[in-house]
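As a plain string of letters, each chain reads:
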Amino acid sequence: MSVWREAGLVAGKDLRIESRSRVAVSQILPFGLIVILLFAFALDPDRGFLARVAPGLFWIAVLLASLLAIGRAFQTEEQHNARDGLRLAGLDGAAIFLGKAAAIALELLVLEAILGTGVVLLYNVSVHGIGVLLLTALAATIGLAATGTLYGVLAAGIRLRETLLPLLLLPVLAPVMLGATRAFEDGLEGAPGDAWPWVALLGIFAVLYTAIGVLAFGPLWEES
Amino acid sequence: MPLVVRLRSAVCLLGRFPALAGVDLDVHAGEILLLAGPNGAGKTTLLRLVAGLVPLYSGEAEVLGADLTLDRRSARRHLALVGHETFCYDDLTVRENLRFVARASGGDGGTVDATIDRLGLGAVADLTHGKLSAGQRRRLALGTALVRDPELLLLDEPHAGLDADGRAVLHEIVAAAPGEGRTVLMASHELDLARALATREIRVDSGRTSLPVGGPA
């Protein structure tokens, strides 16, 4: 079986589990919306200020919600020791990495679409440069999912996983936060040309961590 | 008969504790070998070593022709382990769990329905794992092993949690294994039940096999 077919099998399994358990819809999405709402309460009620900082607030909300999605992707493997079942099946480590990362990325893209709509409505943001925004979201999401899957397996099997994962992951994701926020700012300010270097940074980050994940996930998965 | 498992002075560490402290073991094709011994003797670790789920610290280990010190993955494709846990997903149905395992192991899932019938799980085939009773879960765990059509079947306390019907199903599967080209290595505390099935028995104690390496009786 090819790596791509194995990856599709793992992604399909993870997405089916999420669609049936509804954890993403009933917990992760509401969490992201609450974060956005709290920012609106906590910061200046002047909507002009909120609109200016909206890109940063949006990506902070996505980042925090992604921690839940990544933790959940590995929690399902802990129940009933399903991880050993996957290992016994002899699936390629790269395929498991790609499948899990793809499932997380799809969940995050849906989450971003809904949170983005919430930000536009709540913070009174005018949307410009939709092409740049979409490319930024895609590259940042792939980077988030690849890095999260790689660090998720590092923390898998550790009793303090829930607290360890953010500690490991958040500093590494700082370039994604920075690049995505700046690219969104440039796009929304009607200067998409200024956003391309940031989109390129996000693309390089995504390719780099996907490559590292393909190479390193298998041995880490074996020993986790 | 060809060797399916060959261990020599096999040592496995759990942390710094030697869970296996120099095991010698030969398992021949078509055998049903019982590992007997008290709690903490190392039976589960021995099965997990053979399954390639724990690393060998020192010694030699060959399973289905693969040297476990070099490659723990290739032998796994031809063996299955029924452990204390089911290795299944709570939010997938019986049928979905079996289909996933079959496909992940390189099959097409064509044996899933037959396996469900053989295990008597037809009435709960579309229930999620999370809604099954303990006994039904144990049967499903057996099913996940069978859909992979393994050459080597590893059973860790296979009678645990099974009612009389479940035990009858288990016994039918184990007794039929040699005829289906399978070798069985099982660890059990239910010695009377397990001895009725086994073609040979060895004792494991304090991480060692206490009888010499041997062939089938």
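Before any of the text, the structure's been laid out above.
In this numbering scheme, every chain counts its residues from 1 along its sequence in written order. All chains are assigned letters beginning at A, and all ligands numbers beginning at 1, according to the order in which they are written. In view of the model being predicted, local features appear only for residues whose pLDDT reaches at least 70, and side-chain atom pairs are presented and counted only at 80 or more, with totals across whole chains, interfaces and linings using the full set of residues.

Draft legend 1. Representation of the interface of chain A and chain B in the model. Residue pairs are scored as contacts if the distance between their C-beta atoms, which are placed from the backbone, is within 7 Å. Opposite the 19 residues of chain A that make contact, chain B presents 23 residues. Put simply, DSSP marks the helices as runs of H or I at least four residues long and the strands as runs of E at least two long, and each gets a number from the N terminus on. If you list the elements that add at least two residues to the side of chain A that touches chain B, you get α1 (3-21) and α4 (82-88) of chain A. Of the residues forming the side of chain A that touches chain B, the biggest block, six residues, is contributed by α1(A). Residues of the side of chain A that touches chain B, tallied by class, amount to seven nonpolar, seven polar and five charged. Under this grouping Gly is polar, as are all residues other than the nonpolar Ala, Val, Leu, Ile, Met, Phe, Trp, Tyr, Cys and Pro and the charged Asp, Glu, Lys and Arg.

Draft legend 2. Summary view of the environment of B:A141. All names here are of chain B. With respect to the secondary-structure elements, A141 resides in helix α4 (residues 134-146). Overall, the presence of 27 C-beta atoms within 10 Å leaves A141 in the buried class. Linking A141 and A123, residues 18 residues apart in sequence, is a C-alpha distance of 16 Å. A141 has contacts with V82, T86 and F87, leaving out every residue within four places of it along the chain. Counting other C-beta atoms within 10 Å of a residue's C-beta gives its exposure: the residue is buried at 20 or more, exposed at 12 or fewer, and partly exposed in between, where C-beta atoms are placed from the backbone.

Draft legend 3. Broad picture of the sheet that holds strand β2 (residues 17-28) of chain B. Residue and element names in this part refer to chain B. By this definition, two strands are paired if DSSP reports at least two bridges between them. What the four strands build is an open sheet, ordered β2-β1-β4-β5; its pairing is antiparallel. This sheet does not close on itself; its edge strands, each paired only once, are β2 and β5 (66-67). Note that strand β1 (residues 3-14) and strand β4 (residues 58-63) share five bridges and pair antiparallel. Looking at β4, one finds that V5 is bridged to V63.

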